[in-house]
Amino acid sequence: MYDIIIVGAGPAGANLARLIGDKYKILLIDKRDLENESSKHRINKCCGGLLAPDAQKMIAKLGLGIPKDVLVDPQLFAVRTIDITNNLERLYQRFYYNMDREKFDRWMVSLIPNGVDKKFNSYFKSFVEISGGYEVRYINNGQEVTAKTRIIVGADGASSKVRKIISKDVNVPEKYIAIQEWFKCSYPMPYFTAVFDEEISDFYSWLIPKDNYLLLGSALRPRDDTREKFNMLKRKLTQLGFKFTTLQV
Ligand SMILES: Cc1cc2nc3c(=O)[nH]c(=O)nc-3n(C[C@H](O)[C@H](O)[C@H](O)COP(=O)(O)OP(=O)(O)OC[C@H]3O[C@@H](n4cnc5c(N)ncnc54)[C@H](O)[C@@H]3O)c2cc1C
């Protein structure tokens, strides 16, 4: 029997496994393959990959430093905000680590002690209470597997399945759909751009330079015309002078 099964090896789960992996018998499960970069079952996280000042403070408190191959060009010292609704624009100072999010997660996993059992490409399904703990069910290589544990930690992200099983009444975050698209970027963009437009979203949209690419993303209300809203965003930004050169695949 495990002491703890951690579901999810994102920053929360991987960091917990790193901190307590030498003290307890731990199983860490994730549906992504965070050790094998050429995995056929690659699932990339939809993320801007910017490490904000609060997260930088936490990295410092943990006594960690980020390897340079996790970072991408350029490092960002400025935020450009464009409020399309009110026709306002400004630039202000704020430092973000600009990172490759996938590499960041892989680096966090690489810090986990060897004693932790890691099961990647493994999809957590459910758990039931048993005497002295829980029996966890997950799918590994198409096979259903069970494992027993005294404690389960749900570190499986914003739409946590662990949380849903524990209680249907727990407050869940309001749902948005995030769409991100990558473009070629051949001109310098030394800032993170945040775009506000009430016609598109009551949240916001973002433009982030990543090496020779440009990441355009938006958090949108899940509706029938969600994709059209994203296209409208591209049209409006094109009118403001942004260039979106489609990647050849
Ligand atoms: C569009 C978007 C952009 C974002 N941009 C930024 C940004 O630029 N900077 C920033 O700091 N934050 C950003 N965030 C937020 C950031 O992604 C989260 O705060 C962070 O990932 C939370 O870490 P976590 O470990 O709690 O969860 P996650 O990173 O979500 O990790 C959860 C893990 O659980 C695994 N998992 C989930 N369900 C199962 C299952 N059933 N079985 C097995 N494994 C499972 C997943 O594969 C994943 O590895 C963004 C979020 C979104 C949606």
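Residues numbered from 1 in each chain as written. Predicted model: local features only at pLDDT ≥ 70, side-chain atom pairs only at ≥ 80, totals over all residues. Heavy atoms only, no water.

(A) View of the sheet that holds strand β4 (residues 76-83). In space, the eight strands of this open sheet follow the order β3-β5-β4-β11-β12-β13-β10-β14, with mixed pairing throughout. Looking along the sheet, the strands with just one partner apiece sit at the ends: β3 (50-51) and β14 (245-246). Sheet topology places strand β10 (residues 177-184) next to strand β13 (residues 213-220); eight bridges connect them, and they run antiparallel. Bridging from a neighbouring strand, phenylalanine 183 pairs with leucine 214 of β13. In the packing of helix α2 (residues 53-61) onto the sheet, the strands contacted are β3 and β5 (88-98), and the crossing angle to β5 comes to about 15 degrees. Sheet strands touched by helix α5 (residues 226-239): β10, β11 (192-196), β12 (205-210) and β13. Its angle to β13, the strand with the most contacts, is close to 130 degrees. (Pairing = 2+ DSSP bridges. Helix = DSSP H or I, 4+ residues; strand = E, 2+ residues; numbered from the N terminus. Contact = heavy atoms within 4.5 Å. Axes fitted to C-alpha atoms, helices over the stretch in contact; angles between N-to-C directions.)

(B) Spotlight on the pairing of β13. For β13, the tally of buried residues reaches seven of eight residues, placing the bulk of the element in the interior. Both β12 and β13 contribute to a ladder of six bridges, which runs antiparallel. What sits directly across from proline 209, in β13, is leucine 214. In this structure, the hairpin formed by β12 and β13 is closed by a connection of two residues, where aspartate 211 is found at a positive phi of approximately 50 degrees. (Buried < 20%, exposed > 50% of the residue type's maximum accessible area, 1.4 Å probe, protein only.)

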